[in-house]
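# Per-entry structural report
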Amino acid sequence: MTGRFRALKVVKREDFELERTFEREFEGIKHYEKVTQDHPGLVDVLHVGRDEGADFYYYVMELADDQGGQDLDNIDPSTYQARTLASDLRKNRVRDIAECILVGRTVAEALDHLHKSGLTHRDVKPSNIIFVKGAPRLADIGLVARSGQRTFVGTEGYVPPEGPGTSAADLYSLGMVLYEMHTGKDRLDFPELPSNHQLSPTVNRDEWRALNKVICQAGSPDPRKRFVSGQAFSHALRKIRPGEMDPLLKEQHPQQKPVYSHWILGISMVGLLLLLGVITLFWKDLFNPPPLTNVPPLKKEKIEVIAPAPPAEPIPEKPMPSPLPVTVPQPVVIEPEPTPILAKAVSRSIKLDSSPPGATVWFNGEEIGRTPTAYRDFEVGQLEFVFKKEAYLDKTETRAFDAGDPVSIKAELLPDGRPKLGNKTWTNVSALTFFLQTDGTFVAPVTSYAYESFLTSTGRPFAISAQDGLIKISDPKLRWAFCDWMTQIDRRVGNLDESQYHAPVPSSDGIFYCGIAKAFGTLILKSNPPGADIYQENQLLGTTPSKLNFRHGNFELSLALGGYAMETVAGRLTDEALSYEAYLIKDGSVAFGTNWTNSHNMPLIPVGKMMVAAYETRSRDFQLYLSETEVNPGVFPPSFPQSSDHPIVMVNREDAIAFCRWLTAKEQKQKIIRPWHAYRLPTDLEWSELAGTPPETGDTPKEREHSFRAKFPWGSQWPPTPGTGNFADETGSAIFGKYKISGFRDGFVYTAPVGSFQPSDNKLFDVSGNIWEWVSDTYSDETETLGVVRGGAWDSYEQGVLLGSYRNAVNPSDRSEQYGFRYILTDTRE
């Protein structure tokens, strides 16, 4: 109705195998619409709609220029054809350096904006780069999705070896686009170069080589060696021609000529002034260069094509196994480059041994000796040694080494108890008899004895169905749980190697059969930001980025990183490696090692491996616990008035422990702490650590108390200086009488609001004074009925009592106006 033409794309549910994949695509385009107008390098999405009944969604975009030059406001739809980079390449396969830089920088910066918004494009290629009013735009965002939520899509040759769906993969794809523009070759030919005579005689060789170096870095098969961001990619392109106008300003200033044109004009003017003889002399050398007879021929060997690191700080990643190097098929050298000066390699002296000895050792695919070896030097880094011995399973030892003293690696070899193809049966450690099948696999019916052993060892309830001593079970999770359990015990004794596992076998009679499978897939798992713990059914597998091997089929993992919501990663593995990057969302959860405030607005401070409450537990915290749980532990108010910010008193050790259990369950439910995090009382040793007490000796609080006389938590001076803490002082002379610190005044007779005094060196308040704090230990082995409180209270006055080493042995069931507690948060996996 407005007379303007737009582009419309309809995406149907029926084109997707899974509902969740369709929904993820839809979520991606909704999120994309919000960021599209923030960057001129992205095609503008004007509207997103959905028809629930018809199971499709659609989106409306700005229209690309017409290949024939039609005015966009007066188009004949019957002849309209969108102008894309692909259509430009069909007319002219090789684009000049200026155009390569323009397209490269525009798309790189558009991708950077997309990636920072948590999205990946997944299908960057020439046909998806359109031109609007002459300016390039990244288009066809039908495959855009949130990072880490993706299906395996993309176009062959533009997809990196590890697969699509990550920011590194998008930048690889752009590198292949620039390779085609720059060389005129197909992306499948990368990294081949055109021959010398195929280059235009007017091309600037320095710029040509600089652009090729940028492309080679973008197209590295190792994601770690690519540009860390689209911004870094754009910056590298910009350095080729520092004076070139920013590509995103060209649309606003189309009349401005590229800087390089002035350089060419200048050279041409100078050329007109040269003598005809000089021109003739150099004409032959310029357009008919002689063969490079003095340049040594390139060796036919595999090399890695790398470029200088971009200026941006790289994202730290765990070392991953090196990919296969790029094979360069002897390109024609345009001009000889100086040989780079390499830094001297740092090595580590390593001795290799095995039990039993006599194993051959393999390193980087070569046999290097037999155990035990002498010490020999290896370059530091991630090293992998494979130990082989007849009648024993191969053992791989992978270690990360830095410079240091000589070390020894000893591999424990397991006897090879795997089933042999020459045998018709094989019995495993669970006494299951496996029978050789016609396809060469071994399969066994699962006996009641073996399954009951599994239930007993894993603590599962006994609820089984058997027929003639054989198990009948249909639940796939239980079948896989049994097979995984049996895989672990067979591997421990050498009956299976790391490439084999037990797997359920389908049957028609309902009997549970188990077979030996050998089909694994590789998952390259990353997260943004990196460093997330990877869990499978609460088992820690590693941290991102990691390369993981799983059996074929469905997998489901959880990613956990402090300060970010847990992310579920699910998919299906086959023979081909799958690369997956999860985009983590901040959620305010605890991040160990950094200051954090919990749901009670209690600051927690990292001390060692603990997260320690900065304040003693306040009255309002404990009252909330009582109100939410309707617990009536017999706690009653003290004889003196307190506000909600005063520390809770009149609690015994069990009261404090119950509070910690409640707070743990509450915040686990809120998902701000993980299932493996727990609040609790500190142990006696942990309280000494948080109080800054020097290391103590002894197995019990009683023994440690008398090991030495430590300093005070505030230092070594006595009496304490003003502001140190709340003790028996001149303020309470009427009740303390002579039992006070003479000349000291803290301003409080009884308890003080938490945080009223100077913090300790560990940034904790009231470590000394105010109230005695419960710890979880008993005082000694001989007096198990006594508990321990630490730190002194508002009525403490003696030097010896206020020492950091002092332990007050009390009945753990006692409730006193001087007793309260401070809690800590710990990781139970430690």
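Values in this document were obtained by computation on a predicted structure and should not be read as measured data.

### Let's talk about the overall build of the chain
Secondary structure summary: the chain contains 16 helices and 37 strands in total. A total of 830 residues make up the chain; the buried ones form 47% of that total. Carbon together with sulfur atoms contributes 52% to the accessible area of the chain, which is approximately 42000 Å² in total.

### Brief notes about the packing of aromatic side chains
For the structure shown, the criterion picks out 41 aromatic pairs. Aromatic side chains phenylalanine 26 and tyrosine 57 sit 5.0 Å apart centroid to centroid with 45° between the ring planes, which places their arrangement in the tilted category. Of the two residues, phenylalanine 26 sits in helix 1 (residues 19-36) while tyrosine 57 sits in strand 3 (residues 56-61), which places them 31 residues apart along the sequence. Residues tyrosine 679 and tyrosine 823 carry aromatic rings whose centres are separated by 5.2 Å and whose planes lie at 85° to one another, so their mutual orientation is edge-to-face. Placement of the pair is tyrosine 679 in strand 32 (residues 677-680) and tyrosine 823 in the loop between strand 36 (819-820) and strand 37 (824-827), with a sequence separation of 144 residues. As far as the burial class goes, tyrosine 679 and tyrosine 823 line up, both buried. An aromatic cluster is present here, built from Phe622, Tyr625, Phe659, Trp662, Tyr679, Phe821 and Tyr823 joined pairwise through their rings. Lying across the ring of phenylalanine 26, arginine 50 places its NZ or CZ 4.6 Å from the centre.

### As for the pattern of salt bridges
Inspection of the entire model under this criterion finds 31 salt bridges. Here glutamate 62 and arginine 137 are joined by a salt bridge, their closest N and O atoms 3.7 Å apart. On the criterion of sequence distance, the pair formed by glutamate 62 in the loop between strand 3 and helix 2 (85-91) and arginine 137 in strand 6 (residues 135-138) is long-range, its members being 75 residues apart. The residues glutamate 62 and arginine 137 share a single accessibility class, namely buried. Residue arginine 680 is joined to glutamate 686 by a salt bridge in which the shortest nitrogen-to-oxygen separation is 2.8 Å. Of the residues examined, arginine 680 reaches a relative accessible area of 28% and is grouped as partly exposed.

### A few points about the pairing of strand 6
Burial along strand 6 is two-sided: the face carrying Ala135 and Arg137 and the face carrying Pro136 and Leu138 are both buried. The sheet contact formed by strand 5 (residues 129-132) and strand 6 spans four bridges and is antiparallel. In the strand pairing of strand 6, isoleucine 130 is matched with arginine 137. A loop of two residues connects strand 5 with strand 6, the two strands running antiparallel in sequence, and lysine 133 in this loop sits at a positive phi of about 55°.

Basis of the calculations
Residues numbered from 1 in each chain as written. Predicted model: local features only at pLDDT ≥ 70, side-chain atom pairs only at ≥ 80, totals over all residues. Heavy atoms only, no water. Helix = DSSP H or I, 4+ residues; strand = E, 2+ residues; numbered from the N terminus. Buried < 20%, exposed > 50% of the residue type's maximum accessible area, 1.4 Å probe, protein only. Areas by Shrake-Rupley, 256 points an atom, 1.4 Å probe, with all protein chains shown as cover. Phe/Tyr/Trp six-rings, centres within 6.5 Å; stacked < 30°, edge-to-face > 60°. Lys NZ or Arg CZ within 6 Å of the ring centre and 35° of its normal. Salt bridge = Lys/Arg side-chain N within 4 Å of Asp/Glu carboxyl O. Pairing = 2+ DSSP bridges.

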